[in-house]
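Descriptive structure summary
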Amino acid sequence: MAETIIIRVQSPEGVKRITATKRETVATFLKKVAKEFGFRNNGFSVYTNRNRTGEITAAQNKSLNLLKIKHGDMLFLYPLSPAGSSSETMDTSVSQNSRPGAAPQVVEDEIDQYLIKQDGKIYRNRDQQLCRHGPLGKCVHCVPLEPFDEDYLNHLEPPVKHMSFHAYIRKLTGGADKGKFVALENISCKIKSGCEGHPPWPEGICTKCQPSAITLNRQKYRHVDNIMFENHTIADRFLDFWRKTGNQHLGYLYGRYTEHKDIPLGIRAEVAAIYEPPQIGTQNSLEILEDPKAEVVDEIAAKLGLRKVGWIFTDLVSEDTRKGTVRYSRNKDTYYLSAEECITAGNFQNQQPNICRLSPDGHFGSKFVTVVATGGPDNQVHFEGYQVSNQCMALVRDECLLPCRDAPELGYAKESSSEQYVPDVFYKDIDKFGNEITQLARPLPVEYLIIDITTTFPKDPVYTFSISQNPFPIENRDVLGETQDFHSLATYLSQNTSSIFLDIISDFHLLLFLVTNEVMPLRDSISLLLEAVRTKNEELAQTWKKSEQWATIEQLCSTVGVPLSGMQEYGAMGGSSHAVAAAMWPCQHCTFMNQPGTDHCEMCSLPRS
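Residues numbered from 1 in each chain as written. Predicted model: local features only at pLDDT ≥ 70, side-chain atom pairs only at ≥ 80, totals over all residues. Heavy atoms only, no water.

Let's shift gears to helix 1 (residues 26–37). With twelve residues, helix 1 should reach 16 Å at 1.5 Å per residue; the first-to-last C-alpha distance of 16 Å fits that figure. Turning to helix 1, its buried residues number three or more, namely Val26, Phe29, Leu30, Val33, Ala34 and Phe37. Along the long axis of helix 1, the arc covered by the buried residues comes to 140 degrees, so they all point the same way. Of the exposed residues in helix 1, those oriented more than 90 degrees away from the buried face are Lys31 and Lys35. Positioned one or two residues after helix 1, glycine 38 has a phi angle of 85 degrees, which is positive. (Helix = DSSP H or I, 4+ residues; strand = E, 2+ residues; numbered from the N terminus. Expected span 1.5 Å × (residues − 1). Buried < 20%, exposed > 50% of the residue type's maximum accessible area, 1.4 Å probe, protein only. Arc of directions from axis to C-beta.)

Another point: the side chain of asparagine 226. Along the polypeptide, asparagine 226 turns up in strand 9 (residues 226–229). Residue asparagine 226 is classed as buried on the basis of its relative accessible area of 2%. Only 3.0 Å separates the side chain of asparagine 226 from the side chain of threonine 454, close enough to count as a polar contact. In this structure asparagine 226 touches His260, Ile267, Arg268, Ala269, Ile453, Thr454 and Thr456, once residues within four positions along its chain are discounted. (Polar contact = N/O pair within 3.5 Å; in protein donor to acceptor, adjacent residues only side chain to side chain. Contact = heavy atoms within 4.5 Å.)

Here strand 1 (residues 4–11) pairs with strand 5 (residues 74–79) via three bridges, running parallel. Bridge pairing in strand 5 places arginine 8 opposite methionine 74. Of the strand pairs in this sheet, strand 3 (residues 44–47) and strand 5 are connected by four bridges, and their pairing is antiparallel. From the neighbouring strand, tyrosine 47 faces strand 5, where its bridge partner is phenylalanine 76. (Pairing = 2+ DSSP bridges.)

All right, on to the sheet that holds strand 4 (residues 55–56) then. Spatially, five strands are ordered 2-1-5-3-4 in an open sheet, and the strand pairing comes out mixed. Two strands in the sheet have a free side with no partner beyond their single neighbour: strand 2 (14–21) and strand 4. Running at roughly 145 degrees to strand 2, helix 1 makes contact with strand 1, strand 2, strand 3, strand 4 and strand 5 of the sheet. (Axes fitted to C-alpha atoms, helices over the stretch in contact; angles between N-to-C directions.)

Now for the domain arrangement of the protein. The domain boundaries assigned to the protein delineate domain 1 (4–79), domain 2 (215–456) and domain 3 (478–560). The gap between the C-alpha centroids of domain 2 and domain 3 is 33 Å. The interface is formed by 17 residues belonging to domain 2 together with 15 residues belonging to domain 3. When the two sides are added together, the surface that domain 2 and domain 3 hide from each other amounts to roughly 1,500 Å², 73% of it contributed by carbon and sulfur. Per-residue buried area on domain 2 facing domain 3 is highest for Ile300, Lys303 and Leu304; these three make up 37% of the total on that side. For the pair domain 2 and domain 3, the interface holds two salt bridges. For the salt bridge of glutamate 299 with arginine 523, the shortest nitrogen-to-oxygen distance reads 2.5 Å. Remark: the boundary between domain 2 and domain 3 carries three residue pairs in polar contact (both at pLDDT 80 or more). (Domains from an automatic or database assignment. Buried area = accessible area lost by both parts, 1.4 Å probe. Salt bridge = Lys/Arg side-chain N within 4 Å of Asp/Glu carboxyl O.)

What follows is about the pairing of strand 3. Because side chains alternate across strand 3, one face comprises the buried residues Phe44 and Val46, and the other comprises Ser45 and Tyr47, equally buried. Where strand 3 and strand 4 come together, two bridges link them in antiparallel fashion. The partner of valine 46 across the bridge, within strand 4, is isoleucine 56.

The next point concerns the environment of threonine 233. Considering the arrangement of structural elements, one finds threonine 233 in helix 6 (residues 232–245). You can call threonine 233 partly exposed: its relative accessible area is 26%. Residues threonine 233 and proline 461, 228 residues apart in the sequence, show an inter-C-alpha distance of 9.6 Å.

This part takes up helix 10 (residues 486–495). Here helix 10 lies mainly inside the structure; seven of its ten residues are buried. Burial in helix 10 covers these residues: Phe486, Ser488, Leu489, Ala490, Tyr492, Leu493 and Ser494. Contact partners of the buried residues in helix 10: helix 11 (501–505), helix 12 (508–516) and helix 15 (548–558). Where helix 10 starts, the residue carrying a side-chain oxygen 3.2 Å from the main-chain nitrogen of histidine 487 turns out to be aspartate 485.

Here the UniProt feature "domain: MPN" (unreviewed entry) sits at residues 227–364. Secondary structure over residues 227–364 splits into 27% helix and 36% strand, and the C-alpha atoms at its two ends are 20 Å apart. (UniProt positions renumbered as here; feature names shortened; annotations may be inferred.)

This next bit is on the sheet that holds strand 21 (residues 401–403). If you trace the three strands from one edge of the open sheet to the other, you get 21-22-25, paired in antiparallel fashion. Both edges of this open sheet fall to strand 21 and strand 25 (444–445), since each of them pairs with a single strand only. In this sheet, strand 25 lies alongside strand 22 (residues 410–413) in antiparallel orientation, the contact comprising two bridges. Bridged to glycine 411 within strand 25 is leucine 444.

We now examine the packing of helix 13 (residues 527–535) against helix 14 (residues 538–545). Here helix 13 crosses helix 14 at 160 degrees, and the two axes come no closer than 8 Å. One finds that helix 13 runs roughly antiparallel with respect to helix 14. In the crossing of helix 13 with helix 14, the sense of the turn from one axis to the other is left-handed. Judged by residue contacts, Leu528, Leu529, Glu531, Ala532 and Thr535 of helix 13 engage Leu540, Ala541, Thr543 and Trp544 from helix 14. (Parallel < 35°, antiparallel > 145°, perpendicular 65-115°, else oblique. Left-handed = near helix turned anticlockwise from the far one by under 90°.)

Next up on the list: the environment of threonine 215. Structurally, threonine 215 is set in strand 7 (residues 214–216). Of the residues examined, threonine 215 reaches a relative accessible area of 28% and is grouped as partly exposed. Between the C-alpha atoms of threonine 215 and valine 33, which are 182 residues apart in sequence, the distance is 33 Å. If we ignore the near neighbours within four places in the chain, the residues touching threonine 215 are Gln391, Phe426 and Lys428.

Cis rather than trans, the peptide bond between tryptophan 201 and proline 202 has omega equal to 15 degrees. Counting through the fold element by element, proline 202 comes out in the loop between helix 5 (165–172) and strand 7. Residue proline 443 follows arginine 442 across a cis peptide bond; omega there is 5 degrees. Here proline 443 is to be found in the loop between strand 24 (436–440) and strand 25. Of note in the backbone geometry, lysine 536 takes a positive phi value of approximately 55 degrees without being a glycine. In this structure lysine 536 comes out as exposed when scored by relative accessible area, which is 52%.

See the structure below:
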């Protein structure tokens, strides 16, 4: 059997490895190159030198061994036609997928598309003491800085440890080659499939299919640079659950990504609402239950111009109930995020990948954030924001990271077994003599996996949804006696008698109830109302208010025994909604609305009384 060798071929689209044999002819090798790079014919040339000397042609009819091409050698490929007009010589789908400069096949987020077009440079005024030139000149003291300038970021107040993700991209693409060969590759901890030279694991493994060892490093960039709640009411209503029960609680953050102008090319996650999924919470634990409404919630949020941007959970222990203080438990002497929380955050981030045109996979990292409501140094409730690194995401995705039972601040890299190969994971530490040493991540301090993000509230509150003195109940709070039903809806409508219908209906939890309730779900007929709330258009809201669906909702509310003093002005069909609803009666057993004059339910046949 001929000895197998691997030849590296570099092109404007990147580097690829071609498997061949020493006795293989040049013609056969060039066919493999054409197939690998997506060329349909011989519209390219291959050279042994970067300066386009030593061309290799199929007419030579020699073996690779005779041309002195050895294992690991680098060859250089140049297309004969200009890039972008190679439809006849090169498969454009391959070109677009691998070239950062070409039109991407993936559609990035709106904020990413916006930041790509921005200059991003940090402009400075003329220094009166150091600058010796005229007003139109520039020198090293006043020339604009690049957005990834570490010295500038370190001198901000407070200092910024992580540059923004788009500043990191500018750093990669700012060289002489303009990022022609940049590819953001996701880390893989799994054995590469398709290796036929040996039996599958655990019987065999080789250097070609074996994943590389991982050395954990502090990530230099972060995908989100700031988390901002639109107003205090969003957080206060979420904390009310802990105040009333003493149990920990969890929710998903819905909002949007915008530009964060305090950091060059920064991204901010603005939180407009918190959805609380089904869960079981105690004073020291949380269990997330399966949510049958998760898909509907995402759909409704998308129609409102929102998306799931993160998750939030409480870790609060009351210290003095008279003063309203809480215990300061998360600090440098304990931990900021436990290993279990890091694994959960990594799992969420893997479910919400960041679409990226520079990645061969079409995604790289995640913008999904983690917020912890916990005690601060002043023993008041603080909101701390985090993400986990891309290395942590890879370890979690490939099931290589475990928490430690008796040490929440430590993780543990799994050991290889007959079912799974796990690459070695290392981290660097300082020993007692001050020397830098490399340690095996068994156990692993989770500080190597965490990226902190500032969490803020605006000076001038923003309200995507209206705020009421008597808000509609939040979902999945039955343990508090707060239920979402037509009785609570009727109570809400009777207590909110504003003349502007849009102000009353602009409540995230109310809109979810209208869509997900079992009696009268409006999933297929609420799009107009959602558009009205998204654009704050009262005319659209008034148009939807005149629909039959709202008339039916009013009738259902009128039958629950709540005095609806303001309901008549919201009547949809022009007359009093009380008169319309009085004729019909709801079944006490199945809630079906029956026609007048019947003593038995038309649906379940049970008696009216």
